[in-house]
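# Report on the structure
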Amino acid sequence: MLAWVVAILLLPIPYLYDNLPQFRFRLKFSVYYLWLTLASFFMIPLSLLRPGSVVNARLGSALMRPLSTLLGLGWEVEGEVHLLDREEACVILANHQSSIDLLGMFHIWSKLSRVTAIAKQSLMYYGSFGLTAYLCGTVFVDRKDPKLAAVKLNCVAQTLKVDKVKLWVFPEGTRNSDKEVEMLPFKKGAFHVAISANLPILPIVISRHHFLDERNGIFLPGSGKMTVLPLIWPEEKDVEQLMEEVRSAMLTQLSSVEVVVCMKGEEDSKC
């Protein structure tokens, strides 16, 4: 009897998935967050073997990669891809549109030997995900206490260089789902880290997700493109100068991709 009930409940799903965009959108994000939760639960006992080690992050990224295929997504990495093979430490900066960006991040993390990320302090308390992030060596920063955050980032900067760890940062600080705004203003933390330890910045531009429109509940199969830009060194620049140089380079790349998309005739509100 139970089997019949389950069958009846599942029977309409293919029809709803194909014909109702809002249903497809909610189903895909439900699968996304369910997978993320289960993967984090699975990672906890494995990470306890070496708690706080950035090596755990590679295993976590391997667990997340099949999810892209399940959601009908592919990822292309172009540009200065060889820079991902550098063993030396650097600060990786990427623009941020959606939580789906994490799948692109994990795709790249599989190509890196030692990497960690900066996250806001509140994420540490997001259940199993927060605990797993902590066990994988994520650097949590309390934005409400700038002085404490600065001290922590200075300590992190020196550790990165010695241990040859790459630091992944979304400098906008939050997701930018507004397709009319190319990038939100940058936070300064990552640039302080780069200058403090004289680490190069490796910008990665995630092109607009034309398969995803969270405001209108659209989530189609598609491909995300990530472009690795040349390294930008702090040299004698101050925080403002370095931030402006990196932001300008990323905006130029983001705009050039939008022009190409429009020329190809793909659906985009900017075309």
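The structure this text deals with has already been given above.
Not measured: the values here are computed from a predicted model. (Residues numbered from 1 in each chain as written. Predicted model: local features only at pLDDT ≥ 70, side-chain atom pairs only at ≥ 80, totals over all residues. Heavy atoms only, no water.)

### Considering the packing of aromatic side chains
By the definition in use, this model includes nine aromatic pairs. On the basis of an interplanar angle of 80° and a centroid distance of 4.9 Å, the ring pair of Tyr-32 and Tyr-33 is categorised as edge-to-face. A residue is classified by how much of its surface remains accessible, and Tyr-32, at 1% relative accessible area, is buried. Linked through ring pairs, Phe-25, Phe-29, Tyr-32, Tyr-33, Phe-211 and Phe-219 together constitute an aromatic cluster. Above the plane of the ring of Tyr-17 lies Arg-24, whose end atom (NZ or CZ) is 5.5 Å from the centre. Across from the ring centre of Phe-186, 5.1 Å away, lies the NZ or CZ of Arg-247, which sits over that ring. (Phe/Tyr/Trp six-rings, centres within 6.5 Å; stacked < 30°, edge-to-face > 60°. Buried < 20%, exposed > 50% of the residue type's maximum accessible area, 1.4 Å probe, protein only. Lys NZ or Arg CZ within 6 Å of the ring centre and 35° of its normal.)

### A closer look at helix α7 (residues 146-163)
Counting along an α-helix, one turn takes 3.6 residues, and residues three or four places apart therefore face a common direction. In this model α7 runs 25 Å from its N-terminal to its C-terminal C-alpha over 18 residues, within 8% of the 26 Å that 1.5 Å per residue would give. Where α7 is concerned, the buried positions are Ala-149, Leu-153, Val-156, Ala-157 and Leu-160. Down the axis of α7, the buried side of the element spans an arc of 115°, and every buried residue falls inside it. In this structure, α7 carries Lys-147, Leu-148, Val-151 and Val-162 as exposed residues pointing more than 90 degrees from its buried face. Positive phi appears at Lys-164, one or two residues downstream of α7, with a value of about 55°. (Helix = DSSP H or I, 4+ residues; strand = E, 2+ residues; numbered from the N terminus. Expected span 1.5 Å × (residues − 1). Arc of directions from axis to C-beta.)

### Quick notes on the state of the cysteines
Here the structure, examined in full by the defined rule, presents zero disulfides. The closest cysteine sulfur to the non-disulfide-bonded Cys-90 is located on Cys-136, 19 Å from its own sulfur. We classify Cys-90 as buried; its relative accessible area is 1%. (Disulfide = S-S within 2.5 Å.)

### What about the nonpolar core?
Grouped together as the largest cluster of nonpolar side chains are 38 residues, with contacts concentrated most on Tyr-32, Ile-100, Leu-103, Trp-109, Trp-168, Ile-204 and Phe-219. Where this core is concerned, the elements lending two or more residues are α3 (21-47), α4 (55-70), β1 (73-79), β2 (91-94), α5 (101-109), β3 (115-120), β6 (201-206) and β9 (222-228). Ranked by size, the runner-up nonpolar core spans 32 residues in total, among them Leu-160, Val-165, Val-169 and Ala-197. (Core = buried A, V, L, I, M, F, W, Y, C linked by side-chain atoms within 4.5 Å.)

### Side note on the sheet that holds β2
If you trace the seven strands from one edge of the open sheet to the other, you get β1-β9-β6-β2-β5-β3-β4, paired in mixed fashion. Unpaired on one side and paired on the other, β1 and β4 (139-141) mark the two borders of the sheet. Neighbour-to-neighbour, the strand axes of the sheet open up by a mean angle of 25°, direction not taken into account. (Pairing = 2+ DSSP bridges. Axes fitted to C-alpha atoms, helices over the stretch in contact; angles between N-to-C directions.)

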